[in-house]
Each structure stands twice: as structure tokens, then as C-alpha cells.
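# Analysis of the macromolecular model
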Amino acid sequence: MFEKTDAQLVSRALKGNKRAWLALIKKYEKQVYNYGLRMTGNTEDAADLMQEIFISLFKSLSSYRHEGSFRGWLFRIAHFRCVEFYRRKRPEQNIDDEPPIHCESNGPSEQLNDIQQSAQVIAAMQALPISQRFIVEQKFFGQFTFEEIAEQTGISTNTVKSRLYAALGKMRPLLEVDYE
């Protein structure tokens, strides 16, 4: 079967086509969930955030102007929902209470290594301010360009770059391995 473009799916979803809406969700649910997981560091919070993002997307779908990519617009919504989520949730959350993040791999030793590395990256990201965390998330995990991130956040491309490099500078000591 031929895959529909985002614009076609949005157009059909706006006309009440449930299959088109479900196709949009299916297409982006894994990316949105993984975004939530990296931003919150918690599987339950990531699922809650994903639900909030898709509810917000549904409510604002008619305001999509087809300027730029749908994916970029979706992650702009995700960013705003994440900021709201942190304003409500963050003061009561303790990163030490979080369960480990599970990921797929081939063997037990690789799986343990992947889990440890994922937990270290997520913990390092949790130490960043939300504005820097979002940029790291979008650049490395979302594969967005500096220009797309600037469009999503409403800041200049140079500011995106400086926030990314500042974030990487803060994360580096947390991720360096001491082999001695």
C-alpha cells in the first residue's frame, strides 16, 4: 500500500477520517514517546507526556498552516507540552527514584551496557536546563537541523548553536569515563 504524506493525512484527519488520525499517531508515536523518555527520564512520565502531546496535537490540528514540516510543528507542540509538564511535575520528582530504562540489544552484556549508557545520557540530560535539554534532544535524537530547531523554539540559529555547545560542555564531565 502507498504511504500517505503528512499533508494528506492531516487533510483527511481534519475531515473526520479516523484512519488518517490513527496513521499520524502510529507514524510518530515512537518518536514522541522516545522524546518524552529522554526529556523526563521516566517511562510513566514519558507515556503521560506522549498522551498530552497527542491530545494537544488533535486540538490544534486545524491551526497547522503547512509552513515547514509537520514533524517540526509536532515537536514544537511537544516542546511546549514538555515545559508545561515540568512546571507541574518537576518539583516532586527525584531522579534517584527512577527505574532503569530498558532498551533492545543482542546479548545480556550488550543489553547491560546499553542500559547503563542510556541511563548515563538521560541523567546527564536531566542536569541541563529544559531549553538546553530540548536542543540536545532535537539535534541528536530528533535529527533536526539547527534551522529547524530555531524555527521550533522561536530563537535564532546562532542561539541554538550556542545553547547546544553549552549543553555539551555541561554534559561532558558527566559522561566521561575514567579508565584508571
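All values derive from a computational prediction rather than experimental measurement. Per-chain numbering applies: the sequence of each chain, read as written, is numbered from 1 onward. This being a predicted model, a pLDDT of at least 70 is required before a residue's local features are given, and a value of 80 or more before pairs of side-chain atoms are given or counted; all residues contribute to the totals for chains, interfaces and linings. Excluding hydrogens and water, the side-chain figures rest on all heavy atoms present in the structure.

Our next topic: the nonpolar core. By size, the foremost hydrophobic cluster in this structure holds 41 residues, and its most contacted members are Val32, Tyr35, Leu57, Leu61, Phe70 and Leu74. Listed by contribution, the elements that provide at least two residues to this core are helix 1 (6-14), helix 2 (18-40), helix 3 (43-60), helix 4 (70-89), helix 5 (108-126), helix 6 (130-141), helix 7 (146-153) and helix 8 (157-175). Counting residues per element, this core draws most heavily on helix 4, which supplies nine residues. Leave out the neighbours within four places in its chain, and Leu57 touches Trp21, Phe70, Trp73, Leu74 and Ile77. We call a set of buried Ala, Val, Leu, Ile, Met, Phe, Trp, Tyr and Cys residues a nonpolar core when their side-chain atoms join them within 4.5 Å. Categorising residues by exposure relies on relative accessible area from a 1.4 Å probe, with only protein chains included: less than 20% of the type maximum marks a residue as buried, more than 50% marks it as exposed, and the intermediate range marks it as partly exposed. Secondary structure elements follow DSSP: runs of H or I of four or more residues count as helices, runs of E of two or more count as strands, with numbering from the N terminus. Note on contacts: a residue pair qualifies if any of its non-hydrogen atoms lie within 4.5 Å across the two residues.

Okay, a negative patch on the surface next. A contiguous patch of negative charge on the surface is contributed by Glu67, Glu147, Glu148 and Glu151. Mapped onto the secondary structure, Glu147 falls in helix 7. Taking the relative accessible area as the measure of exposure, Glu147 reaches 49% and is therefore partly exposed. Patch building starts from residues that exceed 30% relative accessible area and form no salt bridge, then joins like charges within 9 Å and nonpolar side chains (Val, Leu, Ile, Met, Phe, Trp, Tyr) within 5 Å. Reported accessibility uses the Shrake-Rupley method at a 1.4 Å probe radius. Residues are deemed covered only where the shown protein chains occlude them. Salt bridge, as applied in this entry: a Lys or Arg side-chain nitrogen positioned within 4 Å of an Asp or Glu carboxyl oxygen. In summary, the charge assignment counts Lys and Arg as positive and Asp and Glu as negative, without counting His or the chain termini. The location of each charge is read from NZ of Lys, CZ of Arg, CG of Asp or CD of Glu.

Describing two packed helices takes the angle between their axes plus the distance from one axis to the other. Between helix 2 and helix 3, the shortest axis-to-axis distance is 8 Å and the interhelical angle comes to 140°. Of the possible angle classes, the one that applies to helix 2 and helix 3 is oblique. In the crossing of helix 2 with helix 3, the sense of the turn from one axis to the other is right-handed. Here helix 2 contributes Trp21, Ile25, Tyr28, Glu29, Val32, Tyr33, Tyr35, Gly36, Leu37 and Thr40 to the contact with helix 3, which in turn contributes Thr43, Asp45, Ala46, Ala47, Leu49, Met50, Ile53, Phe54, Leu57 and Phe58. Class assignment of the residues belonging to the contact of helix 2 with helix 3 gives a composition of 15 nonpolar, three polar and two charged. Helix axes are fitted to C-alpha atoms over the stretch in contact, other axes to C-alpha atoms as well, and angles between N-to-C directions run from 0 to 180 degrees. Working rule for angles: under 35 degrees goes down as roughly parallel, over 145 as roughly antiparallel, 65 to 115 as roughly perpendicular, anything else as oblique. Helix crossings are classified by the rotation of the near helix relative to the far one: an anticlockwise turn of less than a right angle makes the crossing left-handed, while a clockwise turn makes it right-handed. Only Asp, Glu, Lys and Arg are considered charged, only Ala, Val, Leu, Ile, Met, Phe, Trp, Tyr, Cys and Pro nonpolar, and every remaining residue, Gly among them, polar.

Turning our eyes to something else, we now look at helix 7. When helix 7 is considered as a whole, its buried residues turn out to be Phe146, Ile149, Ala150 and Gln152. Along helix 7, the residues classed as buried sweep out an arc of 160° about the axis, all on the same side. On its buried side, helix 7 packs onto helix 4, helix 6 and helix 8. Positive phi appears at Gly154, one or two residues downstream of helix 7, with a value of about 75°. This arc is built from the directions going out from the helix axis to the C-beta atoms.

For the rest of this paragraph, the subject is the side chain of Thr40. Tracing the chain through its elements places Thr40 in helix 2. Taking the relative accessible area as the measure of exposure, Thr40 reaches 2% and is therefore buried. In the analysis that follows, any N or O atom pair within 3.5 Å is treated as a polar contact, provided that within protein one partner can donate a hydrogen and the other can accept it, and provided that, for residues neighboring in sequence, both atoms belong to side chains. From its side chain, Thr40 meets the backbone oxygen of Asn42 in a polar contact 3.2 Å long.

What follows concerns the pattern of salt bridges. Applying the stated rule across the entire model yields four salt bridges. With a shortest N-O distance of 2.6 Å, Glu137 and Arg38 are connected by a salt bridge. In this pair, Glu137 is assigned in helix 6 and Arg38 in helix 2, connecting sequence segments 99 residues apart. Exposure remark for Arg38: the relative accessible area of 15% places this residue in the buried category. In this structure, Arg81 and Glu84 form a salt bridge, with 2.8 Å as the shortest nitrogen-oxygen distance. Of the two residues, Arg81 and Glu84 are both situated in helix 4; the distance of three residues between them amounts to about one turn of the helix. Glu84 gets classed as partly exposed once you look at its relative accessible area, which sits at 33%.

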